[in-house]
Amino acid sequence: MPFEQPLPQALSPSRLQDFQSCPRRFQHASIERRRQPATYATAKGTFVHYVFERLFALPPAERTDTAAREFVPAAETEVLVEPLVSEIGLTTEVRSRLLAETDRIITRYFAMEDPRTVTSEGVEMRLTATVDGVPILGILDRLDRDDDGSLVIVDYKTGALPNRQYDSKTFANAELYAALCEEHFGERPRRIRLLYVTHGESVEREVTGPVLRARRKSAVDAWGKIKRFYDDGHFPATPSTNACRFCAYTELCRADGVPVPSNPRRP
Ligand code: SF4
């Protein structure tokens, strides 16, 4: 059966990751556009990103920890709204926990860097470009210009630290952003910096030609398959403990007869 909905006009790094973890998940999220309910973890990420985005909209000299904390009430008003409130079960206790964790994150962030000295080319930058025939769309948390003049992709992370081996997935999204920047600006970012603000630690990786070529190729391969599955009217399910654990569609898949592993839990 062909899909009634159109094929997305562009692929974001996170949608590409959806597809690579399980094509059926991509079908539900990006073709059928079924909502993925918020979790406490995703709500915290949105909340903290809101605060940092507003902080970096200020002139550099005004980016203080006091200023960051002054954006928290606005984040409550703007972010903690329906349907997110119902989806995460926002009780008074949950709200207090979120505010306490955000306060700790602000403290840890200011121990990591001084935003008054950061030169940023853009914050929450929406970029689109066609990379080797694949339409890519991405929103960068920050694109900085380091003291040595090089571009750096900066991404805030509110989840767990990666293990010390930094498996390739840790940087996969940001490396595709680097390919997007190279295409969009004609300049290749030199580094990727992931700020694990919950833990006050950052990890960095140089952007190299071979890695970018691999990311581009992987996007080309995935886009070819997406178009084929779309024309077939069917994206195969590839259930696994890892893929299903953070998936919003477990019940839907089970109802369709997909053997989803037991106890997949969303954060
Ligand atoms: S529940 Fe598992 S099989 Fe179903 S879409 Fe999600 S990841 Fe794929």
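Bear in mind the structure is a predicted one, so any value in this text is a computation, not a measurement. (Residues numbered from 1 in each chain as written. Predicted model: local features only at pLDDT ≥ 70, side-chain atom pairs only at ≥ 80, totals over all residues. Heavy atoms only, no water.)

**Student:** I'm lost on the packing of aromatic side chains in this one. Help?
**Tutor:** The geometry of an aromatic ring pair is captured by two quantities: the separation of the ring centres and the angle between the planes. Under the definition given, this model contains 11 aromatic pairs. Pairing Phe3 with Phe235 gives two aromatic rings, centres 5.8 Å apart and planes at 55°, and the pair type is tilted. Here Phe3 is found in the segment before helix 1 (13–21), whereas its partner Phe235 is found in the loop between helix 9 (209–232) and helix 10 (241–245), with 232 residues between them in sequence. Given the relative accessible area of 0%, Phe235 is considered buried. Seen in terms of ring centroids, Phe19 and Phe229 are 6.0 Å apart; in terms of plane orientation they differ by 40°. Their pairing is tilted. Of this pair, Phe19 sits in helix 1 while Phe229 sits in helix 9, placing them 210 residues apart in sequence. Exposure class is identical for Phe19 and Phe229. Each is buried. An aromatic cluster of at least three residues, connected via ring pairs, comprises Phe3, Phe19, Phe26, Phe229, Tyr230 and Phe235. We note Arg97 situated over the ring of Tyr40; from NZ or CZ to the ring centre the distance is 3.9 Å. (Phe/Tyr/Trp six-rings, centres within 6.5 Å; stacked < 30°, edge-to-face > 60°. Helix = DSSP H or I, 4+ residues; strand = E, 2+ residues; numbered from the N terminus. Buried < 20%, exposed > 50% of the residue type's maximum accessible area, 1.4 Å probe, protein only. Lys NZ or Arg CZ within 6 Å of the ring centre and 35° of its normal.)

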